Amino acid sequence: NSSSLSDPTLERHFKGHRDNVTSVDFSCNMKQIATGSMDSCVMIWNMKPQMRAYRFDGHKEAVISVQFSPSGHLVASASRDKTVRLWVPSMKAESTAFRAHTATVRSVNFSGDGLNLVTASDDKTIKVWTVHRQKFLFSLNQHINWVRCAKFSPDDRLIVSSSDDKTIKLWDKNSRECIHSFYEHAGYANHVEFHPSGTCIAAASTDNSVKVWDIRSHKMLQHYQVHSGVVNSLSFHPAGNFLITASSDSTMKILDLVEGKLLYTLHGHQGPVTSVAFSRTGEYFASGGSDEQVHAVQHQENTTPSQSEGAPHSHTYRHLSSSSSSTHQPQARGLPQHSPQVQAQSQASDGGVPPALARTLDHIIGQLDILTQTVSILEQRLTLTEDKLKECLENQMEIGLHLQRREEA
């Protein structure tokens, strides 16, 4: 029995942005989707139909990247206005902003433990920050052109980045050294991401292709040439068996990484698909496009024999119909399976924590996140007050000195 995916069905369809949707991400509990747009807004969509969406205004220019924190109680956004904002995804829309770079911030990503952020910018640098107080830790400076994307590895030990200089760089977070550069020859990578096992990376390229590299041997494992337009975004299924890609050819593709073949071609957006992301469980994926729309699609994993063997399926998920298509097969080998050790760990972690305890812990983490955010906002206000007091004292001292000089004169 090989693992497969059921036919995708459109669960929710959101419209509220006034320009291209640039980025999408699910909260860990799948109750919310965060999106960024060229309209300079961040929106939080609730998966429950009766719940309204939240629109967050704060950025002065286009929002290029958004991501939920691992606990789901903060949303980070990166903008062309050179800032990063941290939002509490609720009706109050509380946020704290910090000037992260000297040019457009293209990407923002939380570390797996939720303690750090990595940002990538047109100023050619990658920067790492603490989430609490947004303290700058260090920068990585070897790219020689705009940096499009930067992501932490699942164990937070590595950072991968992609740039218009046609390189994808792998960095050691502790030593801050570049440990390897992968070279793109025909185009550059718009988006790069670690496989859930942390053993390989996938890159979405402007040469219309998707490449998967092994980070230990540095060899290219797979090369998919399935799109007829620039590939803008991609996302690994949490099980590691599938990869979804979004392209300017107005389609998304689901790739079977074990078999090394195209599984589905998905039609739903009118125009380029700019962003795509699987939910944390893999049951859903969300996509955003230049048609200003956001789609949330249900797509369950089956463990029954795959019914989509042979030709890949072409699928318009609004109509819930699937027909064979003659889309050309990618030339790719299967990815190595997860090691038994990794599988055993994931099964142990799934069965080890009772649901009630997991919910309680999640709630505590959420409250701590909100507390951290509140403290951060208070600290900023306190800093402003201290600055004003300092200014007043300096003025008083100047007046005092001036009066003293007059008396002496």
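Computed from a predicted model, the values in this text were never measured in an experiment. (Residues numbered from 1 in each chain as written. Predicted model: local features only at pLDDT ≥ 70, side-chain atom pairs only at ≥ 80, totals over all residues. Heavy atoms only, no water.)

Chemist: I'd love a proper account of the overall build of the protein chain, names of residues and values included.
Modeler: A tally of helices and strands in the protein chain yields two helices and 32 strands. Within the protein chain, buried positions represent 52% of all 409 residues. Of the contacts made within the protein chain by residues no fewer than 6 positions apart, 49% connect residues no fewer than 24 positions apart. Surface summary for the protein chain: the accessible area is close to 19100 Å², and the carbon and sulfur share equals 51%. (Helix = DSSP H or I, 4+ residues; strand = E, 2+ residues; numbered from the N terminus. Buried < 20%, exposed > 50% of the residue type's maximum accessible area, 1.4 Å probe, protein only. Contact = heavy atoms within 4.5 Å. Areas by Shrake-Rupley, 256 points an atom, 1.4 Å probe, with all protein chains shown as cover.)

Chemist: Could you give an account of the sheet that holds strand β8 (residues 75-79), with specific residues and numbers?
Modeler: The strand order β7-β8-β9-β10 describes an open sheet built from four strands, whose pairing is antiparallel. Looking along the sheet, the strands with just one partner apiece sit at the ends: β7 (63-68) and β10 (95-99). Here the average twist between neighbouring strands, direction ignored, is 15°. Bridge count between β7 and β8: five bridges; the pairing is antiparallel. Its bridge partner lying in β8, Phe 68 is registered against Val 75. (Pairing = 2+ DSSP bridges. Axes fitted to C-alpha atoms, helices over the stretch in contact; angles between N-to-C directions.)

Chemist: So what's going on with the nonpolar core? Residues and values would help.
Modeler: Counting residues in each nonpolar core, the largest one holds 15 residues, and the members touching the most others are Ala 202, Val 210, Tyr 224, Leu 234, Leu 243 and Leu 255. Here Val 210 is in contact with Ala 203, Gln 222, His 223, Tyr 224, Val 231, Leu 234, Leu 243 and Thr 245, once residues within four sequence places are set aside. (Core = buried A, V, L, I, M, F, W, Y, C linked by side-chain atoms within 4.5 Å.)

Chemist: Which residues make up the pairing of strand β21 (residues 210-214), and what values do they have?
Modeler: Counting buried positions over the five residues of β21 gives five, a clear majority of the element. Both faces of β21 are covered, namely the face carrying Val 210, Val 212 and Asp 214 and the face carrying Lys 211 and Trp 213. Bridging between strand β20 (residues 200-205) and β21 involves five bridges; their strand directions are antiparallel. Paired with Ala 203 across the bridge in β21 is Lys 211. In sequence, β20 turns back onto β21 through a hairpin of four residues, with Asn 208 there showing a positive phi of about 75°.

Chemist: Residues and numbers for a nonpolar patch on the surface, please.
Modeler: Taken together, the side chains of Leu 357, Leu 361, Ile 364, Ile 365, Leu 368, Leu 371 and Val 375 define a hydrophobic patch exposed on the protein surface, amounting to about 590 Å² of accessible area. Secondary-structure assignment places Leu 368 in helix α2 (residues 355-408). Residue Leu 368 is classed as partly exposed on the basis of its relative accessible area of 48%. (Patch = residues over 30% accessible without salt bridge, like charges linked within 9 Å, V, L, I, M, F, W, Y side chains within 5 Å. Salt bridge = Lys/Arg side-chain N within 4 Å of Asp/Glu carboxyl O.)

Chemist: Pulling in residues and values, what's your account of the sheet that holds strand β28 (residues 284-289)?
Modeler: Ordered by their spatial adjacency, four strands build an open sheet running β2-β29-β28-β27, and the pairing between neighbours is antiparallel. The two strands at the open ends of the sheet, each matched to only one other strand, are β2 (9-15) and β27 (273-278). Recorded for the sheet is a direction-independent mean angle of 20° between the axes of neighbouring strands. Pairing between β27 and β28: five bridges, direction antiparallel. Note that in β28 the partner of Ala 277 across the bridge is Ala 286.

Chemist: Break down the UniProt feature "repeat: WD" (unreviewed entry) in the protein chain for me, citing the residues and quoting the values.
Modeler: Under the present numbering, the feature "repeat: WD" (unreviewed entry) in UniProt falls on residues 14-55, 56-87, 98-139, 140-181, 182-223, 224-265 and 266-294. In residues 56-87, helix accounts for 0% and strand for 56%; the two terminal C-alpha atoms are 8 Å from one another. With 0% helix and 55% strand, residues 266-294 has its two end C-alpha atoms placed 14 Å apart. (UniProt positions renumbered as here; feature names shortened; annotations may be inferred.)

Chemist: Can you lay out the side chain of Lys 253 for me, pointing to particular residues and giving the numbers?
Modeler: Here Lys 253 lies in strand β25 (residues 251-256). Buried charge without a salt bridge: Lys 253, with Asp 249 as the nearest opposite-charge side chain at an N-O distance of 5.2 Å. A polar contact is formed between the side chain of Lys 253 and the backbone oxygen of Val 226, at a distance of 3.3 Å. A distance of 3.0 Å separates the side chain of Lys 253 from the side chain of Thr 265, its partner in a polar contact. (Lys, Arg positive; Asp, Glu negative; His and termini not counted. Polar contact = N/O pair within 3.5 Å; in protein donor to acceptor, adjacent residues only side chain to side chain.)

Chemist: Describe the confidence of the model for the protein chain, and please don't skip the residues or the numbers.
Modeler: Chain-level pLDDT for the protein chain is 84 on average; 84% of the residues reach the 70-or-more range. Taken together, the stretch residues 318-333 has pLDDT below 50 and engages in 54 contacts with residues farther than four places along the chain or on a different chain. Here residues 336-351 is modelled with pLDDT under 50, and outside its nearest four sequence neighbours on either side it reaches eight contacts, counting other chains as well. (pLDDT = per-residue confidence, 0-100.)

Chemist: Help me get a handle on the environment of Gln 367, residues and values and all.
Modeler: Locating Gln 367 in the fold gives a position in helix α2. Judged by relative accessible area, which is 42%, Gln 367 ranks as partly exposed. A sequence separation of 296 residues divides Gln 367 from Ser 71, and the C-alpha atoms of the two residues are 10.0 Å apart.

Chemist: Just give me the short version of the environment of Asn 208, but keep the residues and values in it.
Modeler: Mapped onto the fold, Asn 208 is located in the loop between β20 and β21. Sequence spacing of Asn 208 and Ser 248 is 40 residues, and the spatial spacing of their C-alpha atoms is 8.9 Å. Other than its neighbours up to four places away in sequence, Asn 208 contacts Tyr 224, His 227, Ser 228, Gly 229, Val 230 and Val 231.

Chemist: Lay out the packing of aromatic side chains with the relevant residues and their values.
Modeler: Across all of its chains, the model carries eight aromatic pairs by this definition. Between Phe 14 and Trp 45 the ring centres are 5.1 Å apart and the planes differ by 35°, which places this aromatic pair in the tilted class. Placement of the pair is Phe 14 in strand β2 and Trp 45 in strand β5 (residues 41-46), with a sequence separation of 31 residues. On the basis of relative accessible area, Trp 45 is assigned to the buried category, the value being 5%. Through pairs of rings, three or more aromatic residues link up here, namely Tyr 54, Phe 56 and Trp 87. (Phe/Tyr/Trp six-rings, centres within 6.5 Å; stacked < 30°, edge-to-face > 60°.)

Chemist: Got a sec to walk through the pattern of salt bridges? Specific residues and values, please.
Modeler: Scanning all chains against the criterion turns up nine salt bridges. The shortest N-O distance in the salt bridge between Lys 15 and Glu 292 comes to 3.5 Å. Here Lys 15 is found in strand β2, whereas its partner Glu 292 is found in the loop between β28 and β29 (293-298), with 277 residues between them in sequence. The class of Glu 292 is partly exposed, set by a relative accessible area of 23%. Taking the shortest distance from any N to any O, the salt bridge between Arg 106 and Asp 122 comes out at 2.8 Å.

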